[in-house]
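# Summary of the model geometry
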Protein chains: 2
Amino acid sequence: MNETIRTILEHRSIRHFSEDKLTKEDVKLLVQSAQAASTSSYIQAYSIIGVTDRQKKEKLAELAGGQQYVADNGHLFVFCADFYRHEEMAKAYNLDVSESVESTEKFMVGVIDAALAAQNMSVAAESMGLGICYIGGIRNDLQGVSELLQLPHLVLPLFGLVVGHPTKETDQKPRLPLQHIYHENGYHLDHATHLEEYDELISSYYHERTGGKRHDRWTEQITGMLSMPKRMYMKQFVESKGYNKR
Amino acid sequence: MNETIRTILEHRSIRHFSEDKLTKEDVKLLVQSAQAASTSSYIQAYSIIGVTDRQKKEKLAELAGGQQYVADNGHLFVFCADFYRHEEMAKAYNLDVSESVESTEKFMVGVIDAALAAQNMSVAAESMGLGICYIGGIRNDLQGVSELLQLPHLVLPLFGLVVGHPTKETDQKPRLPLQHIYHENGYHLDHATHLEEYDELISSYYHERTGGKRHDRWTEQITGMLSMPKRMYMKQFVESKGYNKR
């Protein structure tokens, strides 16, 4: 197994960082790594906002549900789907790109482009000995995030990514057994379910790590979470940003 | 610069592969690498279909717009957002998760989860000396893809990923200058545009590589593409699969 795959397989989310800030060179290398990812038809439909301003970071931590590591880290990136640039570019050619940009297809393109870039950045950061954590919590209040970061029409924040020097390691959460995720030549309905063994494994995992206080099975934890709808404002918000309208 | 970052920065899409198939061990390692990516709240909302059946590969190549490398490669993966498993799991707990699963928020979660996994797989593959290419072309006909791969409700194919031993190298397409993608502490409207220098660079790039036949500027190429809406069936199809409905 090579060093890159070792890095990938060693991933765990880090939520405690030292006060050391990333250097300008680190940030540049991470953004370059992000940009090297594949992009749909060369469209480059995303932007990355780096947040270093202390007050803005504190505000984002609050918006994300009071997660202090959103403020305390080496660097905070916010990944956005971005067709603002393309719409501006089209004006110079007297072209109308609105039908295209407002489609669900292009919404998917922007989200996928941004996510591929972010995961490249994550792997690059971890290969440098840094820790990372995705911050889906910013989706609690995307209107607030948009205002704070002055995001125009068609710049849709998707998630944050905190990067920094880890001060506390975390355990790696076991993933679903391969046969539940990977199907050959077609979807096998019975492979998607029958998760008893995995549930046992996760229950033991929590039991051991909480001194017996927790013993949730994965299916119980996840379905419980899903039974409480959240961020139901999203459809309307995404449309108000100019996406997913037709 | 370490080996992992070198691999990431060296990325280029490969569209010509030898006939050598990936071994079972290679495929396992690639899927494990994909699974090691971050996943929103531990939800693991995606599945990967490996396609080895020759007829199915030919059919997918046809659906994707006649791209022969979709059929001729070392292995073909199709990445899908997947909440089918979660809906099935919820039945055992008598929980209703439909409101949650049908939200635009969870559509985004599924797409992001799948994309993070795919990019991990891409980096892992390239670190092994393999080449990759994303196949957005499968979105030309997701109904056809769904039928071919027997994908149930809530299993939404997003893109393919071909992997294999490269027989022909391609050039790396220059990315947008960093200041157009990366903004600090807020979105800078004037950094998103003013792409004259980049346009010059891309025009020379095409000129050199086509013996003067092409000299498109990036803004021209991309806005021209965007002025022709495509895959406008997507909104309805995604909803028919159970996503993005509220």
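If you're wondering where the values come from, they're calculated on a predicted model, not measured in any experiment.

## A closer look at the interface of chain A and chain B
Between chain A and chain B, the contact holds 120 residues from the first and 120 residues from the second. Carbon and sulfur atoms supply 65% of the area that chain A and chain B bury against each other, a total of about 10,300 Å² over both sides. The interface formed by chain A and chain B contains 4 salt bridges. The residue B:Arg231 makes a salt bridge to A:Glu105 at a minimum N-O spacing of 2.9 Å. In this assembly, chain A and chain B are joined by 56 residue pairs in polar contact (both at pLDDT 80 or more). At 15 residues, helix α6 (residues 104-127) of chain A tops the list of elements feeding residues into the side of chain A that touches chain B. Across the side of chain A that touches chain B, the residue classes break down as 61 nonpolar, 36 polar and 23 charged. As defined by bridge partners, strand β1 (residues 46-51) of chain A adjoins strand β5 (residues 182-184) of chain B across 3 bridges and the pair is classed as parallel. Bridged to A:Ile48 within β5(B) is B:Tyr182.

## What to know about the UniProt feature "domain: Nitroreductase" (unreviewed entry) in chain A
With numbering matched to this structure, UniProt assigns "domain: Nitroreductase" (unreviewed entry) to residues 8-164 of chain A. End-to-end, the C-alpha atoms of residues 8-164 of chain A are 17 Å apart, and along that stretch the chain is 43% helix and 18% strand.

## A word on the relation of the copies chain A and chain B
Between chain A and chain B, which share one sequence, the superposing operator has a rotation angle of 180° and an axial displacement of 0.0 Å; the RMSD is 0.0 Å. Seen this way, the second copy is the image of the first under a two-fold rotation axis. Residue A:Thr4 of chain A places its C-alpha closer to the rotation axis than any other residue of that unit, at 2.5 Å.

## Focus on the packing of aromatic side chains
Applying the stated criterion to the full structure yields 19 aromatic pairs over all chains. Aromatic pair A:Tyr84 and B:Tyr187: ring centres 5.8 Å apart, planes at 85°, arrangement edge-to-face. Here B:Tyr187 lies in the loop between β5 and α9 (189-192) and A:Tyr84 lies in helix α4 (residues 84-92), a pairing that spans two chains. When the ring of A:Phe107 is compared with that of B:Phe107, the centres are 6.0 Å apart and the planes differ by 55°; the resulting orientation is tilted. Linking A:Phe107 in helix α6 with B:Phe107 in helix α6 (residues 104-127), this pair reaches from one chain into another. Accessibility classification places A:Phe107 together with B:Phe107 in one group, the buried group. Against the face of A:Tyr206 rests A:Arg214, its NZ or CZ located 4.1 Å from the ring centre.

## Considering the side chain of B:Ser103
Residue and element names in this part refer to chain B. Looking at where Ser 103 falls in the secondary structure, it is placed in the loop between α5 (98-101) and α6. Looking at Ser 103, the relative accessible area reads 1%, which means it is buried. A polar atom in the side chain of Ser 103 sits 2.6 Å from the backbone oxygen of Ser 100.

## Side note on the sheet that holds strand β4 (residues 155-164) of chain A
A sheet is described by the order of its strands in space; here 5 strands give the open sequence β3(A)-β4(A)-β2(A)-β1(A)-β5(B), paired in mixed fashion. Only two strands of the sheet have a single partner each, and these edge strands are β3 (131-135) of chain A together with β5 of chain B. This sheet shows a mean twist of 25° between the axes of neighbouring strands, independent of strand direction. In terms of strand pairing, β3(A) meets β4(A) through 5 bridges, oriented antiparallel. Paired with A:Tyr134 across the bridge in β4(A) is A:Leu161.

Cut-off values and rules
Residues numbered from 1 in each chain as written. Chains lettered and ligands numbered in written order. Predicted model: local features only at pLDDT ≥ 70, side-chain atom pairs only at ≥ 80, totals over all residues. Heavy atoms only, no water. Contact = heavy atoms within 4.5 Å. Buried area = accessible area lost by both parts, 1.4 Å probe. Salt bridge = Lys/Arg side-chain N within 4 Å of Asp/Glu carboxyl O. Polar contact = N/O pair within 3.5 Å; in protein donor to acceptor, adjacent residues only side chain to side chain. Helix = DSSP H or I, 4+ residues; strand = E, 2+ residues; numbered from the N terminus. Nonpolar A, V, L, I, M, F, W, Y, C, P; charged D, E, K, R; others polar. Pairing = 2+ DSSP bridges. UniProt positions renumbered as here; feature names shortened; annotations may be inferred. Least-squares fit on C-alpha atoms with pLDDT ≥ 70 in both. Phe/Tyr/Trp six-rings, centres within 6.5 Å; stacked < 30°, edge-to-face > 60°. Buried < 20%, exposed > 50% of the residue type's maximum accessible area, 1.4 Å probe, protein only. Lys NZ or Arg CZ within 6 Å of the ring centre and 35° of its normal. Axes fitted to C-alpha atoms, helices over the stretch in contact; angles between N-to-C directions.

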